[in-house]
Each structure stands twice: as structure tokens, then as C-alpha cells.
Amino acid sequence: MSLRLFLARLFLPRALQKRKLAELFRLTARAFETAPPSVEGLSLGDMRRLYAEFSRDAAERALGRPDALAAAERRLFDEASGLGREIRRELGVSTPREVMAAARILYRGLEIDLAGSPDGDIVVRRCSFSRRYSAEVCRLMSRLDAGVLAGLAGGGELAFTERLTEGAGRCRARFTFPGES
């Protein structure tokens, strides 16, 4: 495990968390072809709440335009995979175990309790977005999850089998790493 990834597991400075969350606002806005809200002067907690509301509202608008939905899904994935690749380089991620460790760190910053195994099994026991997202919004926004993981891993696919927003007690998903069938 790289030193940067090891240290990030122990502590992420608040300023870095805010910077990455502001980047998430921008990439989400680009994916939905809208302007991001201003986050200047907001606390990290306020930024998280605003992101949940902003992304929900943008996703609901996209869901109301079925003709443009596939393009929005593609942009969400592409934007998020760029972020994942950037974090992969910054943290020195190279193995499936490190991909899941980095994902856990990222999601912890969003108040999401994600646990992933090196074989690709993922469980989310608690998700701050599940209180604000409908099942449809969650399915659309999960293209961000798929993109981030693919960026961290250098490719791969994410498939959910259970979701909190659909009444399950947890989210369950499987990430297929590049080269797996």
C-alpha cells in the first residue's frame, strides 16, 4: 500500500475534503449541463447537504427528459471516472485491495459507510443520500459510483443488487475488475 493511501486512511484534512467535494459539484454540474451552486463559505457538513439536494434536483430534471437520459448517464460516468483516475494517481492505487480502500475513504467523506472486498463485493450499510434520493434518482446517480470505481481500478463495471432507496436494509453491489468475466 502506498504511503499516501495509508495516510489518507488515517486522516484527510478538512480543506482537502472540501476541495474534492467542490470538484464533485463541478463534475456533476457538467454531467447534467447546469451550473453548480456556490459553496463558498460553507462548512463541510453544509456542502454535503447542499450536494445531496443539488444532485437530487439535477437528477430529477434529467429523469423528466427521457430523450436525454442516456447522454446524462454517460456524462456522469465519464466525469466520475476522470475523478477516479486522478485519485488513483494521487494515492498510488494499483491493486483491487487498494481500490476498495480508496473507495472507502472517498465515501466516508460523503457520510457513506462503504465496505468493499478485493474480489469486488460491496456493501453500504449507511448512506446519507438514501434519505434524500428516490430509487430512480439513486439508480441514475449510481453512474457516478460506477465511474469513480472504474477510474480507481483502471476500468471495470459496477452492478447493484440491493439498494437502501428501494427498501433494502443495505446496498449490495458487485464491482467486476478489468480482466474479470
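See the structure printed just above.
Residues numbered from 1 in each chain as written. Predicted model: local features only at pLDDT ≥ 70, side-chain atom pairs only at ≥ 80, totals over all residues. Heavy atoms only, no water.

### Observations regarding the overall build of the chain
Summing up its helical and strand segments, the chain has six helices and four strands in all. Relative to a compact globule of 181 residues, whose C-alpha radius of gyration would be 16 Å, the chain shows 15 Å and is just as compact. Overall size of the chain, expressed as C-alpha extent along the three principal axes, is 45 × 40 × 30 Å. Out of the 181 residues in the chain, the part that is buried amounts to 45%. Counted over contacts in the chain with a minimum sequence separation of 6, partners at least 24 positions apart contribute 63%. Surface accessibility of the chain: about 9300 Å² in total, with carbon and sulfur atoms responsible for 50%. (Helix = DSSP H or I, 4+ residues; strand = E, 2+ residues; numbered from the N terminus. Rg over C-alpha atoms; globule rule 2.2 N^0.38 Å. Buried < 20%, exposed > 50% of the residue type's maximum accessible area, 1.4 Å probe, protein only. Contact = heavy atoms within 4.5 Å. Areas by Shrake-Rupley, 256 points an atom, 1.4 Å probe, with all protein chains shown as cover.)

### A short note on the side chain of Thr28
Relative to the helices and strands, Thr28 is located in helix 2 (residues 14-31). Take Thr28: its relative accessible area is 0%, and that puts it in the buried class. A polar contact of 2.7 Å, which involves the side chain of Thr28, links it to the backbone oxygen of Leu24. When residues no more than four places from it in sequence are discounted, the contact partners of Thr28 are Tyr51, Phe54, Ser55, Met141 and Leu144. (Polar contact = N/O pair within 3.5 Å; in protein donor to acceptor, adjacent residues only side chain to side chain.)

### Description of the side chain of Asp113
Summarising the element assignment, Asp113 is placed in strand 1 (residues 112-116). Asp113 gets classed as buried once you look at its relative accessible area, which sits at 19%.

### A look at the environment of Leu16
Inspection of the secondary structure puts Leu16 in helix 2. Separated by 28 residues in sequence, Leu16 and Leu44 have C-alpha atoms that sit 10 Å apart.

### A short note on the packing of helix 4 (residues 66-91) against helix 6 (residues 135-153)
Contact geometry of helix 4 with helix 6 gives a least axis separation of 6 Å together with a crossing angle of 35 degrees. Crossing of helix 4 over helix 6 shows right-handed handedness. Between helix 4, through Leu69, Glu73, Leu76, Phe77, Ala80, Ser81, Gly84, Arg85, Ile87 and Arg88, and helix 6, the contact on the second element is made entirely by Leu140, Arg143, Leu144, Ala146, Gly147, Val148, Ala150, Gly151, Leu152 and Ala153. Residues that form the contact of helix 4 with helix 6 fall into these classes: twelve nonpolar, four polar and four charged. (Axes fitted to C-alpha atoms, helices over the stretch in contact; angles between N-to-C directions. Left-handed = near helix turned anticlockwise from the far one by under 90°. Nonpolar A, V, L, I, M, F, W, Y, C, P; charged D, E, K, R; others polar.)

### Thoughts on the state of the cysteines
Applying the stated criterion to the full structure yields zero disulfides. Free cysteine: Cys127, not disulfide-bonded; nearest cysteine sulfur from Cys171 at 6.1 Å. Cys138 supplies the cysteine sulfur nearest to Cys171, a cysteine that is in no disulfide, at a spacing of 5.6 Å. (Disulfide = S-S within 2.5 Å.)

### A word on the environment of Ala146
Along the chain, Ala146 falls in helix 6. Measuring from C-alpha to C-alpha, the distance between Ala146 and Leu158 comes to 5.2 Å, with twelve residues separating the pair along the chain. Here Ala146 is in contact with Phe77 and Leu158, once residues within four sequence places are set aside.

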